[in-house]
Amino acid sequence: MTSDPVDPYIFTSDSLPSDPHFMPPLTNGLLGWRVFDPVMHMGGVYNGEGGTCHRGNIPCPLAFQMKMAEVGRHMYKLDMHSGVFSHSVVTPRFEATQVLYAHRQKTNLLVMEVLLKRSETSTEPITIQLEGSFKPQSDDIVFQNAPDYKGGRHIFGQTVSPEVPGGICPSVHLIWTPITSTLTLPPDQSKSSWVFLVAAAGSDESVRLCYETGLGLIDTGDLRPSHLRSWAELWKGSSIEVEGAESLNRALIGCMFYLLSSFSSLGEEANAPLEFGGVSPGGLSNGSEEEDYHGHVFWDQDTWMYPSVALFYPRLARAVLEYRAGTIDGARANAQKMGYKGLKFAWESAVTGRDVCPEDIYAEQELHINGDVVLAFQQYLYLTQDLEMFREARGSEVVWGVADYWVSRVTWDPTEQQYHIKGVIPPDEYYFTVDNSVFTNAIAQRSLQFAVELSGLLGHTPPPSWQDVADKIKIPFDPELKYHPEFDGYTQGSGVKQADVVLLGYPLAMSMTPEVRRNDLEAYEAVTDPLGPAMTWGMFALGWLELGDAERAQKLLQKCFKNIQKPFQVWSESADGSGCVNFLTGMGGFLQAVLFGYTGFRVKKQHLAFAPLLPQEVDALSVKGVSYLGSKMDWLIKSVEVSVSVRESGSQEPCALQVVLNTGTTIPLIPGQSVTFPRQPGQIRKVNSGSYCWPV
């Protein structure tokens with residue numbers, strides 16, 4: 001098992017993982033497929049009602065592997081530059097290569113290419129076998145045959161049952177190039193290639209158009225080149241790399257690759273007729289019945305995956321917000337079902353926004369999801385000043401609806417003279433039906449404060465109750481031990497599942513002294529389950545970086561490497577390889593530990609704060625494509641200095657920005673020019689701080 005010694009974006013091996021779950025997933029925001037698996041998925045296609053809802057299994061016509069009689073040298077390669085997986089075999093007579101990818105620009109297409117190339121001495125026909133497990137049927141979708149279309153087989157059908165009673169059963173249409181059991185290179189040819197397409201869409205018209213588009217790209221020779229250009233555009237807009245720590249660098253690249261793969265193309269030409277369906281913990285390639293959380297969308301999307309994407313790509317961030325806004329009706333129904341006002345976003349969401357969690361207690365008690373959703377909206381506004389998202393795209397409905405929910409959900413305690421939230425499950429799911437989860441109450445407080453702030457921006461008069469509850473909600477704190485108990489009645493030293501109280505410092509940025517922050521970290525680090533979810537240690541690492549202890553942070557970050565399964569950097573939820581696979585939640589937490597930890601980036605109302613700090617093993621950190629108020633910035637952080645440059649923009653005029661160091665030094669950021677200053681905390685601010693200049 002090897003990896004490319006020069007290019008950290010290329011992962012190679014002479015064998016496949018023994019556990020097929022750790023085969024590399026190929027996804028593009030609409031289609032998801034684990035290499036060689038007989039099943040694929042499409043965003044927004046679920047089967048099953050309520051708690052039985054899961055991603056609908058769609059048969060994958062590309063589930064074929066090359067086989068041959070001759071002994072050869074096998075090499076499997078995942079190229080993260082381009083999102084291409086390949087299997088090559090070199091024998092004395094020939095070289096055979098199979099290439100697979102989920103098209104980055106034309107997101108309705110999966111592609112397989114096979115190339116046969118003979119050696120100079122060979123003059124006989126060369127034949128390879130394609131052995132497959134594809135069967136055009138599914139337990140989740142009732143398929144029937146349609147007439148062939150332009151040489152492609154065509155089946156279509158609907159899921160067996162809707163997500164909610166009386167709801168719509170999604171339709172799936174597949175057209176694919178038939179794959180023969182053998183491919184032969186004639187004696188008079190030195191090489192030959194074959195291309196096999198799969199087009200998937202929600203209607204007959206769409207799937208025909210997508211298949212035709214693919215055929216047209218084959219004819220012009222632009223099928224793979226157009227895919228490569230889209231990936232190149234994506235990497236140009238975002239990258240995070242370190243010098244001096246090879247394994248860390250590869251881990252960061254792998255996390256970015258799989259996270260970006262979960263979103264649709266940036267280009268205007270992407271032809272995805274279905275709306276973005278959110279990001280589940282295991283991504284689009286996983287989520288079958290009883291596997292990988294059924295492909296449902298949790299707080300994982302908003303809290304763990306979203307922040308890193310939002311820092312680079314406002315358009316992709318907005319897609320997450322639009323997904324949540326699209327589930328407002330379901331969120332309102334969830335609240336009403338429990339007897340409350342406003343919106344209660346689903347703990348486990350699919351398409352409608354009704355809660356599809358198989359166990360009612362989580363749907364009823366994991367209330368912090370509401371605050372997690374609103375925090376994502378708040379971060380987006382601070383990064384972009386895109387008020388249109390709130391005026392016209394229902395963002396304000398989300399924020400204000402959640403505020404109404406919190407006001408209806410709290411109870412007044414006359415003894416403590418505080419508002420309580422009773423009967424909840426905190427992020428630490430080892431505890432049920434507790435009162436005043438500190439994280440839940442703190443994020444509710446922040447939601448309410450943002451609802452009031454947004455009202456001022458949009459000329460809306462907020463109910464006085466929003467501010468009243470925000471001011472008087474209980475935030476549990478032990479003044480003797482100077483730390484935050486996880487909830488009322490928590491005993492210090494009791495075991496916890498995952499990051500919970502430590503999230504008060506980041507991402508909630510709750511005001512506390514360094515002593516209290518340290519006490520929280522030490523108290524919970526000692527009792528956190530070592531086999532808990534992968535994102536946890538990244539948050540502890542980030543906390544120690546805040547306190548200036550980079551080496552302790554790095555030791556904790558190293559724990560995450562146990563969750564990375566070789567050779568293709570596929571994460572498991574737990575360190576022993578169990579749990580959800582391609583665990584994007586863990587990748588998101590790991591990325592944030594570096595992207596917000598090493599840099600000290602904090603998204604504030606009036607500025608982007610930074611406080612760089614690198615551990616000894618890292619010589620430099622390069623973060624390219626940071627997006628703030630319409631500008632793209634590239635950062636290079638070293639042990640003693642920091643360089644920042646703003647990219648030159650096109651026709652759009654973003655805000656003029658400046659660096660304001662904590663020492664008082666101000667440095668203008670001029671597009672196309674780099675500035676360098678000693679490593680120290682500071683802020684990126686608008687030159688004209690009083691205006692909303694981009695976009696409006």
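Residues numbered from 1 in each chain as written. Predicted model: local features only at pLDDT ≥ 70, side-chain atom pairs only at ≥ 80, totals over all residues. Heavy atoms only, no water.

- Under an unreviewed UniProt entry, the protein has the name Protein-glucosylgalactosylhydroxylysine glucosidase and belongs to Carassius auratus.
- Listed in UniProt under the heading Catalytic activity (unreviewed entry), the comment for the protein reads: "(5R)-5-O-[alpha-D-glucosyl-(1->2)-beta-D-galactosyl]-5-hydroxy-L-lysyl-[collagen] + H2O = (5R)-5-O-(beta-D-galactosyl)-5-hydroxy-L-lysyl-[collagen] + D-glucose".
- As its UniProt record puts it under Function (unreviewed entry), the protein is described as follows: "Catalyzes the hydrolysis of glucose from the disaccharide unit linked to hydroxylysine residues of collagen and collagen-like proteins." (UniProt positions renumbered as here; feature names shortened; annotations may be inferred.)

**Thoughts on the pattern of salt bridges**
Right, so step 1: On inspection of all chains with the given rule, the structure shows 25 salt bridges.
Right, so step 2: The salt bridge partner of Arg93 is Glu124, with a shortest N-O separation of 3.0 Å. One end of the pair, Arg93, is in the loop between strand E10 (84-90) and strand E11 (94-102); the other, Glu124, is in the loop between strand E12 (109-118) and strand E13 (126-132), with 31 residues separating them in the sequence.
Right, so step 3: What makes Glu124 partly exposed here is its relative accessible area of 41%.
Right, so step 4: Of the charged contacts, one joins Glu388 and Arg318 as a salt bridge, the two residues approaching to 2.7 Å between their closest N and O atoms. Placement of the pair is Glu388 in helix H9 (residues 388-391) and Arg318 in helix H5 (residues 314-325), with a sequence separation of 70 residues.
Right, so step 5: Overall, Arg318 belongs to the buried group, its relative accessible area being 16%.
Right, so step 6: Look at the salt bridges and you will find they share partners, linking Arg318, Glu322, Asp386 and Glu388 into a network. (Salt bridge = Lys/Arg side-chain N within 4 Å of Asp/Glu carboxyl O. Helix = DSSP H or I, 4+ residues; strand = E, 2+ residues; numbered from the N terminus. Buried < 20%, exposed > 50% of the residue type's maximum accessible area, 1.4 Å probe, protein only.)

**Some points on the sheet that holds E13**
Right, so step 1: The strand order across the open sheet built from 3 strands is E8-E13-E17, with neighbouring strands paired in antiparallel fashion. On the outer flanks of this sheet lie strand E8 (64-67) and strand E17 (182-185), each paired with one strand and no other. Neighbour-to-neighbour, the strand axes of this sheet turn through a mean angle of 25 degrees, independent of strand direction.
Right, so step 2: Note: E13 against E17, 4 bridges, orientation antiparallel. Looking at the pairing, Gln129 lines up with Thr182 of E17. (Pairing = 2+ DSSP bridges. Axes fitted to C-alpha atoms, helices over the stretch in contact; angles between N-to-C directions.)

**Some points on the packing of aromatic side chains**
Right, so step 1: A full pass over the atoms with the stated rule returns 32 aromatic pairs.
Right, so step 2: Three or more aromatic residues joined by ring pairs form one cluster here, namely Tyr293, Phe298, Trp299, Trp304, Trp347 and Phe439.
Right, so step 3: Arg250 extends its terminal NZ or CZ atom over the ring of Phe11, reaching a point 5.0 Å from the ring centre.
Right, so step 4: Note that Lys632 overlies the ring of Tyr313, its terminal NZ or CZ placed 4.5 Å from the centroid. (Phe/Tyr/Trp six-rings, centres within 6.5 Å; stacked < 30°, edge-to-face > 60°. Lys NZ or Arg CZ within 6 Å of the ring centre and 35° of its normal.)

**What about helix H16 (residues 584-595)?**
Right, so step 1: With 12 residues, H16 extends 16 Å between its outermost C-alpha atoms, agreeing within 8% with the 16 Å of an ideal straight helix rising 1.5 Å per residue.
Right, so step 2: The buried fraction of H16 is high, at 12 of 12 residues.
Right, so step 3: Residues Leu584, Thr585, Gly586, Met587, Gly588, Gly589, Phe590, Leu591, Gln592, Ala593, Val594 and Leu595 constitute the buried set of H16. (Expected span 1.5 Å × (residues − 1).)

**Notes on the sheet that holds strand E27 (residues 631-638)**
Right, so step 1: Pairing is antiparallel in the open sheet, where 5 strands are placed in the order E19-E26-E27-E28-E31. Here the strands that pair on one side only, and so sit at the sheet edges, are strand E19 (239-243) and strand E31 (674-678). On average, each strand axis in the sheet is tilted by 20 degrees relative to the strand beside it, whichever way the strands run.
Right, so step 2: The sheet contact formed by E27 and strand E28 (residues 641-646) spans 5 bridges and is antiparallel. The residue of E28 that forms the bridge with Asp634 is Ser645.

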